[in-house]
Amino acid sequence: KGEAGFFAELSQLKGELPKIEKDLETIRNMISQQDIDNVFDAVKESPLLNEWDKISARDGLVRLFSPLGTIVPQENQIRLLERALGSKMVEAILSKRSLWDKFKNIAGNILNIPRSLMSSFDLSAPFRQGAFLVSHPKRFFASFLNMFKVFGSEKSFRALQESIVRMPTYDLAQQGKLAYGDMGSVLSAREDRFMSNWAEKIPVVGIGVRASGRAYVGFLNKLRADVFQDLIFKADKLGLTPRNNPALVDEIANFVNVASGRGSFKSLEKEIALFNAVFFSPRLMASRLTLLNPLYYIRSSPFVRAEALKSLFTFLGAGLTVLTFAKMNGAVIGDEPRSADFGKINIIGTDIR
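All residue numbers here refer to positions counted from 1 along the written sequence of the relevant chain. Residue-level local features of this predicted model are given only where pLDDT is at least 70; pairs of side-chain atoms are given and counted only at 80 or more, and the full residue set underlies all totals for whole chains, interfaces and linings. Water and hydrogen atoms play no part in the side-chain values, which are based on all heavy atoms of the structure.

K.L.:
An account of the overall build of the protein is needed here, citing residue identities and associated values.
P.N.:
Strands are runs of DSSP state E lasting at least 2 residues, helices are runs of H or I lasting at least 4, and numbering of each runs from the N terminus. Helix and strand counts for the protein come out as 17 helices and 2 strands. For each residue, the accessible area found with a 1.4 Å probe, counting protein chains only, is set against the maximum for its type, and the residue is called buried under 20%, exposed over 50%, and partly exposed in between. Of all 353 residues assigned to the protein, the portion counted as buried reaches 48%. By definition, residues are in contact when any of their heavy atoms lie within 4.5 Å. Across the protein, every contact between residues at least 6 apart in sequence was considered, and the portion connecting residues at least 24 apart equals 69%.

Written as structure tokens, this is what we have:
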């Protein structure tokens, strides 16, 4: 157990031990070895992390408690530590970052407060980012019902996150970089609509913002995890052996990300909070542009291409059906492709029966 136990685990794995570099004065001498060991054990025993997550998170602790000088853990390690240890620990870690990183975090939080407030109380995730995956109705509606549970309870949200970690395909999801949203202090891990944890600290209103964010993230995380698992199992039945085919796993994860509105900005992903303040939901915009690009379907493997086309036609069919019924009942439908109202339903001033 403890810090020594972590190094004993690492000694049985291939690869180099963590390298130590001096960034800040060490904090190790301010904390007892027993307390350090307790923190390592709390991460090791966390139900919200799988075994590889626990190694990465404890590697972050090695950096933090380095006797040669405290090193700020990597962003992904900070996310894992927050999941296992809570926000207070991570706020202390984040306070050790460079002035530029602190400025970006403050700017991202402030600039994204209006969007977080605008996005609250409407439970829009299913028909905003999740609509393209309506081609998986069983998973879509199960996630839809689950959304109301996490809206009302922080405990339900944590239980949902824990259930995802325990799924048999979670390791493959991580390998393929399936996007899981978070409600923590690392802004780039949040969904575009709720990329400000400061909005959650506003008296009274902040409770609703937090609840809405949980519902939004919870719906998408559950939907992504379930659809990804279904596709992995389906590929396995077809003899594609995804566990021995990393390229296919990456492609399936990328499809689920894109289909659920989580486009990637690659090397600029760390700056997504600032992009999000300038452009409205840039990752959602990037994902939709990908789905409208014929080259995406041409370059995809036959398995993923078939799933992507199935989702595309199901989405278009469902959308046309809704628009047709709305028009039959007196609503005005935007049918001019060059108009900002194209495809929108206008019921103001109409005779809806």
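There is more to say, and it comes next.
K.L.:
Explain the packing of aromatic side chains to me, using residue names and the numbers behind them.
P.N.:
Only centres within 6.5 Å qualify two rings of Phe, Tyr or Trp (six-membered ring in Trp) as a pair; their planes then separate them into stacked at under 30 degrees, edge-to-face at over 60, and tilted for everything else. Evaluated as defined, the whole model comprises 11 aromatic pairs. Ring centres of Phe 140 and Phe 219 lie 5.6 Å apart, and the angle between their planes is 85°; this geometry places the pair in the edge-to-face category. Pair noted here: Phe 140 is in helix α9 (residues 137–152) and Phe 219 is in helix α12 (residues 205–237), with a separation of 79 residues, a long-range link. Accessibility assignment for this pair places Phe 140 and Phe 219 in one class, buried. Every member of this aromatic cluster is reached through a ring pair, and the members are Phe 127, Phe 140, Phe 141, Phe 144, Phe 148 and Phe 219.

K.L.:
Report on the pattern of salt bridges, specifying residues and quantitative values.
P.N.:
One side-chain nitrogen of Lys or Arg within 4 Å of one carboxyl oxygen of Asp or Glu is enough to make a salt bridge. Going through the model one piece at a time under the given rule, you end up with 18 salt bridges. Ionic pairing is found between Glu 162 and Arg 166, a salt bridge with its closest N-O pair at 2.5 Å. In this structure, Arg 190 and Glu 200 form a salt bridge, with 2.9 Å as the shortest nitrogen-oxygen distance. A residue pair is termed long-range when its members are at least 10 positions apart, and Arg 190 in the loop between α11 (170–175) and α12 and Glu 200 in the loop between α11 and α12 qualify at 10 residues. For the pair Arg 190 and Glu 200, a shared accessibility class is recorded, and that class is buried. Each of Glu 154, Arg 190, Glu 200, Arg 210 and Arg 214 takes part in salt bridges that share partners, so that together they form one network.

K.L.:
Give me the lowdown on a nonpolar patch on the surface, citing residues and values where you can.
P.N.:
Together, Leu 117, Phe 121, Ile 202, Val 204 and Val 205 make up an exposed nonpolar region whose accessible area comes to about 440 Å². The topology assignment puts Leu 117 in helix α7 (residues 113–118). A patch is a set of surface residues, each over 30% in relative accessible area and not in a salt bridge, joined within 9 Å for like charges and within 5 Å for the nonpolar side chains Val, Leu, Ile, Met, Phe, Trp and Tyr. Under the convention used here, a 1.4 Å probe and the Shrake-Rupley method define accessible areas, while residue burial counts only the protein chains that appear.

K.L.:
Go over the packing of helix α13 (residues 246–259) against helix α17 (residues 302–328) with me, naming the residues and quoting the values.
P.N.:
Orientation is described by axes fitted as lines to C-alpha atoms, over the contacting stretch for helices, and by angles from 0 to 180 degrees between their N-to-C directions. In the contact formed by α13 and α17, the axes pass within 10 Å of each other and the chain directions differ by 10°. If you check the angle between α13 and α17, you find them roughly parallel. Where α13 approaches α17, its residues Leu 248, Glu 251, Ile 252 and Phe 255 are matched on the opposing element by Phe 303, Val 304, Glu 307, Ala 308 and Ser 311. All amino acids are sorted into three groups, where Ala, Val, Leu, Ile, Met, Phe, Trp, Tyr, Cys and Pro are nonpolar, Asp, Glu, Lys and Arg are charged, and the leftover types, Gly among them, are polar. For the contact of α13 with α17, the class distribution of residues is 6 nonpolar, 1 polar and 2 charged. To sort the angles, those under 35 degrees are grouped as roughly parallel, those over 145 as roughly antiparallel, those from 65 to 115 as roughly perpendicular, and the leftovers as oblique.

K.L.:
Describe the environment of Leu 284, naming the residues involved and giving the relevant values.
P.N.:
As for its placement among the helices and strands, Leu 284 is situated in helix α15 (residues 282–291). Of the residues examined, Leu 284 reaches a relative accessible area of 10% and is grouped as buried. Separated by 156 residues in the primary sequence, Leu 284 and Arg 128 have C-alpha atoms spaced 9.0 Å apart.

K.L.:
I'd love a proper account of the confidence of the model for the protein, names of residues and values included.
P.N.:
As a per-residue measure, pLDDT tells how confident the predictor is, with possible values from 0 to 100. Chain-level pLDDT for the protein is 85 on average; 90% of the residues reach the 70-or-more range. When mean pLDDT is taken per element in the protein, α13 scores highest with 95 and helix α14 (residues 272–278) scores lowest with 69. Considering only residues more than four positions removed or in separate chains, one finds that residues 20–24, a stretch of pLDDT under 50, has 15 contacts.

K.L.:
Account for the nonpolar core, naming residues and giving values.
P.N.:
By convention a nonpolar core is built from buried Ala, Val, Leu, Ile, Met, Phe, Trp, Tyr and Cys residues, the set being connected through side-chain atoms within 4.5 Å. Membership of the largest hydrophobic core comes to 48 residues, with the highest contact counts inside it found for Phe 228, Ile 252 and Phe 255. At the level of elements, α9, α10 (154–165), α11, α12, α13, α16 (294–299) and α17 are the ones that each hand at least two residues to this core. It is α12 that contributes the most residues to this core, 13 residues altogether. Phe 255 has contacts with Phe 132, Leu 133, Leu 231, Tyr 296, Val 304, Glu 307, Ala 308 and Ser 311, leaving out every residue within four places of it along the chain.

K.L.:
Talk me through the side chain of Arg 214; I want residue IDs and the actual numbers.
P.N.:
Within the secondary structure layout, Arg 214 lies in helix α12. Residue Arg 214 is classed as buried on the basis of its relative accessible area of 7%. Within 3.5 Å is the distance limit for a polar contact, defined as a pair of N or O atoms, with the added protein rule that one can donate a hydrogen and the other accept it, and that residues adjacent in sequence qualify only through two side-chain atoms. Side-chain polar atoms of Arg 214 contact the side chain of Glu 154, separated by 2.9 Å. The residues touching Arg 214, leaving out its near neighbours within four places in the chain, are Val 150, Phe 151, Gly 152, Ser 153, Glu 154, Phe 157 and Met 183.

K.L.:
Would you mind going over unusual backbone geometry in detail, with residue names and values included?
P.N.:
One non-glycine residue, Val 204, lies in the positive phi region at around 65°. By the secondary structure assignment, Val 204 is in the loop between α11 and α12. For Val 204, a relative accessible area of 69% corresponds to the exposed category. For Thr 241, which is not a glycine, the phi torsion comes out positive at approximately 40°.

K.L.:
Tell me about the environment of Arg 83, and please be specific about residues and values.
P.N.:
If you trace the backbone, Arg 83 turns up in helix α4 (residues 75–85). By relative accessible area, Arg 83 is classed as buried at 17%. Considering only alpha carbons, one finds Arg 83 and Asp 182, 99 residues apart in sequence, at a separation of 8.9 Å. When residues no more than four places from it in sequence are discounted, the contact partners of Arg 83 are Leu 48, Leu 49, Asp 53, Arg 158, Tyr 170 and Asp 182. Here the side chain of Arg 83 touches Tyr 170 through a polar contact of 3.5 Å, side chain to side chain.

K.L.:
Please provide a residue-by-residue account of helix α3 (residues 51–64), values included.
P.N.:
Helix span, expected: 1.5 Å multiplied by one less than the number of residues in the helix. For α3, spanning 14 residues, the distance from its first C-alpha to its last is 20 Å, which sits close to the expected 20 Å at 1.5 Å a residue. Extensive coverage of α3 is indicated by the burial of 10 of its 14 residues. Buried residues of α3: Asp 53, Lys 54, Ile 55, Ala 57, Arg 58, Gly 60, Leu 61, Val 62, Arg 63 and Leu 64, and no others. Buried-residue contacts for α3 involve α1 (2–10), α2 (33–44), α4, α5 (87–94) and α11.

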